[in-house]
Amino acid sequence: MLKISVLLFVGFVCMMNINAQIFIWDADDLNDIRNDLNGDYILMANIDLDLHPYNQGEGWLPIGNENNRFTGSLDGNGFTISDLFINRPYNNYTGLFGATSNATLENIELLNINVIGNYYTGGLVGESIQSTVILNCLIEGEITGQAYTGLLAGGLSSSQTTGCLAYGSVTGASSTGGLLGRWIKSVISGSTFTGTITGNSNTGGLIGYNNYTNVNECFVTGILNGSNFSGLLIGYNTNSPINESHTSGEITGNVYTGGLIGENFASSIANSSSEITLTSNFMSGGLIGKSSNSDIILCHSIGTMNISSTFAGGLVGATYSDKKMNSIAFSYADVLVNSVSHHAGGLVGVNSNTNIYACYALGNVSGDNDVGGLIGSNHFSSDIRNSYARGSVTGNTCVGGLIGFNSVDGLLFYCFSTGEVTANSDYGGLVGYQFTGYSGTSTGCYWDIETSGVTHSLEGQGRTTEQMTYPYDLNTFINWDFEDIWGEDIIYLANDGYPYLLWSFIYPKPYIAENPQPESGSVDVPVTLEELSWSYYGHPEHIDPLGFRVYLNTTGVFDDEDYFVWVPFFTGITDYSSQEILPALEYNTTYYWKVVPTTNVPEVIRVDYTHRSDVRNDGSDFLLLGDAENCPVWNFTTEADLSIDDQFLQSDSISLKVYPNPFNQRATIKLALSKNVMENRFCLAIYNIKGQRVRSFTDRLSAKEDNLVWNGTNDENFPVSSGIYFLVLRMGTEIISEKLILLK
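Residues numbered from 1 in each chain as written. Predicted model: local features only at pLDDT ≥ 70, side-chain atom pairs only at ≥ 80, totals over all residues. Heavy atoms only, no water.

Chemist: Just to check I follow, could you spell out the environment of W480 for this structure?
Modeler: Locating W480 in the fold gives a position in the loop between α3 (465–468) and β62 (486–487). On a C-alpha basis, the gap between W480 and Y414 in space is 6.6 Å, while along the polypeptide they are 66 residues apart. Excluding its chain neighbours within four sequence positions, the residues that come into contact with W480 are Y414, C415, F416, G444, Y446, W486 and P499. (Helix = DSSP H or I, 4+ residues; strand = E, 2+ residues; numbered from the N terminus. Contact = heavy atoms within 4.5 Å.)

Chemist: It is not clear to me how the sheet that holds strand β10 (residues 121–122) should be interpreted in this structure. Could you clarify?
Modeler: The pairing of strands in a sheet comes from backbone hydrogen bonds and takes either a parallel or an antiparallel form. If you walk across this open sheet you meet the twelve strands as β10-β14-β18-β22-β26-β30-β34-β38-β42-β47-β52-β57, and the pairing is parallel. Strands at the two margins of the open sheet, each flanked by one partner only, are β10 and β57 (425–428). Bridging between strand β38 (residues 312–313) and strand β42 (residues 344–345) involves two bridges; their strand directions are parallel. From the neighbouring strand, A312 faces β42, where its bridge partner is A344. (Pairing = 2+ DSSP bridges.)

Chemist: Honestly, the side chain of T476 in this entry has me stumped. Any pointers?
Modeler: With respect to the element layout, T476 can be found in the loop between α3 and β62. Since its relative accessible area comes to 4%, T476 is described here as buried. Filtering out sequence-adjacent residues up to four positions away, T476 remains in contact with Y446, R463, Q467 and M468. (Buried < 20%, exposed > 50% of the residue type's maximum accessible area, 1.4 Å probe, protein only.)

Chemist: Whenever I open this one, the sheet that holds strand β71 (residues 634–638) confuses me. Can you help?
Modeler: One open sheet accounts for five strands, arranged β65-β71-β70-β67-β68; its pairing is mixed. Because the sheet does not close on itself, it has two edges, and the strands there are β65 (522–525) and β68 (563–568). Direction aside, the axes of adjacent strands within the sheet are offset by 25 degrees on average. Sheet topology places strand β67 (residues 547–553) next to β68; five bridges connect them, and they run antiparallel. Counted as the bridge partner of V550 is V565 from β68. (Axes fitted to C-alpha atoms, helices over the stretch in contact; angles between N-to-C directions.)

Chemist: Quick question: what am I supposed to make of the pattern of salt bridges here?
Modeler: Side-chain pairing between opposite charges can occur once the charged atoms of the two side chains come close. Following the criterion strictly, the structure yields five salt bridges and no others. Notably, a salt bridge pairs D496 with R390, separated by 3.2 Å at the nearest N-O pair. Of the two residues, D496 sits in the loop between β62 and β63 (500–501) while R390 sits in the loop between β50 (388–389) and β51 (393–394), which places them 106 residues apart along the sequence. In this structure, the salt-bridge partner of D627 is R549, at a minimum N-O distance of 2.7 Å. Here the residue D627 occupies a position in the loop between β70 (590–598) and β71, and R549 occupies one in strand β67, the gap between them amounting to 78 residues. Considered together, D627 and R549 belong to a single accessibility category, that of buried residues. (Salt bridge = Lys/Arg side-chain N within 4 Å of Asp/Glu carboxyl O.)

Dropping the structure here:
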């Protein structure tokens, strides 16, 4: 029975929380929750359910049912519940809790569970409705059900799930999910499933059937075997945006199969990805099997697909929009697409009323008819802009490097393809087949006649590899936007020299330069210094530069005017210099300099400091694409002007002597005034070789002769270093000086 008290000690201890939480110490306490379905409970110990009667016959009797739901709360409090056993294949609402409403389940760990049920079968709860909250729960084990089966819950509606993890295997029929079977009008975030899932229709690695539910930052790693509407994240998804969610594993399906979602309707998918091996029959995609009335933004898929029927795409098997309003943008597929039938594309199998913008496909594609490196067949006012395909394309008829079959009003803008094209009939380097009578539907599109092996196409213009790779031919990529959309692959790193989409690739930046000469902080540097030098050793996480930009000024804050020389980089060489190109240096001046390793090529390689031309003057703070970041700023100080004696007047009316000189601990400074000189104010100071004042003596003469003593300290009474110093006396317009040598 439940132990409820207020920490009274009367020969024995019973306990009750002052906040009215009911403590759960053992299996019997847990079982007694069914006697008060509205209580607030908290675990106080690990609980093992592998004991009589909970491990016998049908096992655990779920707490709450469809007509009498649990409405309280349970806090796992860092403890575990292990060996939950339920064997009720004909019972609905099966789980630790059968049914909940307005409940809170948090911090619960269910380990090594074995649950068998019928409809609404879950490890933690069979069905939750009406604002049930499930937080930070972990479920591990096996579960089997019919409709609405999940390792965490069979079905949830109008509820919230955050930070939940599930590990194990799930087997069901309809609406089977690794975490949740059916999910309606709810929110799920930060949750993960790892394991195997087997189902029939609406089978998902995370959720089987999802409707009006936001899914954020969820992850699935596993193996999924489904039939219709199978996705490694969600089987069937409608009116439910997906963001920052990712899958990895193997998936086998029949119809509507996707690495992320089987079928997606009226739901935006953003910042999500899949890395999969996929085997299916009809309408399958590396990310989504079929997507209707939905935008897909910043997504990608990687892997291999083997499809035995029609509609296969590296990203999406088939798209459709009621109106020309939806897009696939800033997305890519690197998927090997093997199909034995029609409509196979590196990105999309068949595209209808959906615009494709700034996308690319890298994988090889094979099929029968309507096979394209980017799109198998393109229909009904679907514009393709700023996109490309690199993979080889093999088919029977209607085969193209970019698009296999292009229908009425399918417009192409600023696209290219490079893959080898192999077919029997109706094939082209860019477009394989287009409706008779329709031509001129492309603007600024090209294909590589050498890598494709094809010199003809119904659309686009053929160019050689040399013309299409950097530096680009003047008659290629005309009017392309190389400022905001496309990048020039200067060092053949992003796309083998072909243009690349700026959103898709950030050049690795070079590493910083090291070992400056003169060393940072150096003093007495000759003004005759001819060059600055440094070393570059590289770094495994960085790319080698094309060269170095060298800056110099007296402030340490650099702009483009301070850049005076470009020095090329050579593989295998570590030591570099400014090559005797240095502006004239002033005496007694501190200079700041830095070396910026860069993959940018200067518009003018400058060798003359006085007649230089800016590399780029775009108002930026001069961190250009490809520049090393956090480059150190070094400094040095030039020598003082040793002709200082020439600046002083020699006076007949004042004499200045120092003894001993050189000196070790103290020097006596003797001032002597001629008889015709009146007492006057004087200024006496000692300067170091840099021209910096280190000690001042100011007084009024009280006699014709005066002696001062300097003990080798500065004005702050700290000892100065050994070296040459200058004693300078100023009286009125007269100035004389004497050199001192301090030896320690």
